[in-house]
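Spelled out, the chains give:
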Amino acid sequence: SQVSLEEESNNPPAVGHWKPLMPSKGDKEEPETGCQDAGGVDEPQSTEQLNVSRLRSSSVEIREKGSEFLRDELHKAQKELKLKDKECERLSKVREQLEQELEELTASLFEEAHKMVREANTKQAAAEKQLREARGKIDMLQAEVTALKTLVITSTPSSPNRELHPQLQSPSKAGFRKGHGRNKSTSSAMVSAASQNVPPEPGSRECKEVDSILFAEFQAWKESPTLDKSCSFLDRIYREDVGPCLDFTKRELSELVRVAVEQNTLTIEPVASQTVPVGKVAAEEYGGPKKCALSGLPRTCKHRIMLGDSGNYYYISPSCRARITAVCNFFTYIRYIQQGLVRQDVELMYWEVMRLRREMSLAKLGFYPSEM
């Protein structure tokens, strides 16, 4: 019996054979007689194969559905990614636009700030200039008041001062009273009017005749008055009158005087007004009361000039003062015409210009009133 048990243990039964789920081609060709020989085991084996095939089909179906689900999720993720890319691109454009606008705004603010600073500096410079001019005028007025007080004190009934009482002067000198004590080059129309109102002496009656060329040039200039030297009217006057009248020995200073007269920045004041206030530094002076800075000759200088705001004073002789004053009177009158302040007939304005030209011609030849 032990021998039979050992044989049975060494030879397992045929019913317990395990077949693979997916048989190979060789397996399909083998006859199924082995299963039938197993002693009635065919039916459970077919059931097991059916279950295995069902499991296989269900796993395939699950795999397909899972792959389809994953594809859908992948498509959704790709769409969301594209949308986010577009949103990022839009936001980057918005950021670039905001940065550009911020830079432009910053630049405009800086430019506006610089502009305001420039305007403030310009206004401050103009205010300082006006303050200096006002102080200079105050100084001159104080000096004139002091001089007038001196004249009043020195005038007595027994020996009246003829400067204070023009009726005591001769008629020929009444028209040349001191009217140019201080002169900004825009003033002095009063001197012209005064000299124009002087009645002519007997036997000195003159006749006038309009020069057609000069009158045509003046009419053309009157249509559009300007201070540009390129027009024929002013070009002739510069060549024939202004240039020779302001042509002094000191050429460099003469040029500065001409520019100051043209720009209306020349100041003439009497030497008696040379009073320096307390705490104020005196301006640098050239020439001297006994030497003319323009001619360089030893002359008694009763007046001095200042060119603009340079602070430099130049002593001038009466002859040089008469020449400068004549040119200033001419420029004053044509500026009045340009500004529309002269409302006269064209011919009357023409004759006034000719009279001013005659004054410049006489001054450059050395004729001037003795009161200067």
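Heads up: the structure comes first, above all this text.
This one's a predicted model, so the numbers in the text were calculated from it and none came from an experiment. (Residues numbered from 1 in each chain as written. Predicted model: local features only at pLDDT ≥ 70, side-chain atom pairs only at ≥ 80, totals over all residues. Heavy atoms only, no water.)

A. The nonpolar core, seen in detail. Formed by 48 residues in total, the largest nonpolar core has its most connected members in Val242, Leu266, Leu294, Ile305, Ile324 and Phe330. Elements with a contribution of two residues or more to this core: α7 (212-223), α8 (232-245), α9 (251-262), β2 (266-270), β4 (303-307), β5 (312-316), α10 (318-338) and α11 (346-364). The greatest single-element share of this core, amounting to 10 residues, is contributed by α10. Those residues in contact with Phe330 that lie beyond four places of it in its chain are Leu234, Ile237, Val242, Val353, Leu356 and Met360. (Core = buried A, V, L, I, M, F, W, Y, C linked by side-chain atoms within 4.5 Å. Buried < 20%, exposed > 50% of the residue type's maximum accessible area, 1.4 Å probe, protein only. Helix = DSSP H or I, 4+ residues; strand = E, 2+ residues; numbered from the N terminus. Contact = heavy atoms within 4.5 Å.)

B. Spatial organisation of the state of the cysteines. Throughout the structure, instances matching the rule amount to 0 disulfides. Of all cysteine sulfurs in the structure, the one in Cys292 sits closest to Cys301, which takes part in no disulfide; the separation is 5.2 Å. (Disulfide = S-S within 2.5 Å.)

C. Structural detail: the pairing of β4. Burial within β4 is extensive, with 5 of its 5 residues counted as buried. In β4, alternate side chains face the same way, and those of His303, Ile305 and Leu307 on one face and Arg304 and Met306 on the other are all buried. In this structure, β2 lies alongside β4, joined through 5 bridges in antiparallel fashion. In the sheet register, Thr267 faces β4, and the bridge partner there is Met306. In the sheet, β4 pairs with β5 via 4 bridges, with the strands oriented antiparallel. In the strand pairing of β5, Ile305 is matched with Tyr314. Counting the residues that bridge the hairpin from β4 to β5 gives 4 residues, and of these Gly308 lies at a positive phi of roughly 65 degrees. (Pairing = 2+ DSSP bridges.)

D. Main features of the environment of Phe215. For Phe215, the position within the fold is in helix α7. On the basis of relative accessibility, which here comes to 17%, the residue Phe215 falls in the buried class. Between the C-alpha atom of Phe215 and that of Val346, which follows or precedes it by 131 residues, the distance is 9.2 Å.

E. The arrangement of the pattern of salt bridges in detail. Enumeration according to the criterion identifies 15 salt bridges in this entry. With a shortest N-O distance of 3.4 Å, Glu61 and Lys65 are connected by a salt bridge. Of the two residues, Glu61 and Lys65 are both situated in helix α4 (residues 42-154); the distance of 4 residues between them amounts to about one turn of the helix. Of the residues examined, Glu61 reaches a relative accessible area of 42% and is grouped as partly exposed. The salt bridge involving Arg258 is made with Glu262; its shortest N-O contact spans 2.5 Å. Taken as a pair, Arg258 and Glu262 lie in helix α9 at a separation of 4 residues, close to a single helical turn. On the basis of relative accessible area, Arg258 is assigned to the buried category, the value being 18%. (Salt bridge = Lys/Arg side-chain N within 4 Å of Asp/Glu carboxyl O.)

F. Structural context of the packing of α9 against α10. Contact geometry for α9 and α10: axes closest at 10 Å, N-to-C directions at 25 degrees. Accordingly, the angle class assigned to the pair α9 and α10 is roughly parallel. Between α9 and α10 the crossing geometry is right-handed. On α10, the residues touching Val257, Val261 and Glu262 of α9 are Ile324, Val327, Cys328, Phe331 and Arg335. Across the contact of α9 with α10, the residue classes tally to 6 nonpolar, no polar and 2 charged. (Axes fitted to C-alpha atoms, helices over the stretch in contact; angles between N-to-C directions. Parallel < 35°, antiparallel > 145°, perpendicular 65-115°, else oblique. Left-handed = near helix turned anticlockwise from the far one by under 90°. Nonpolar A, V, L, I, M, F, W, Y, C, P; charged D, E, K, R; others polar.)

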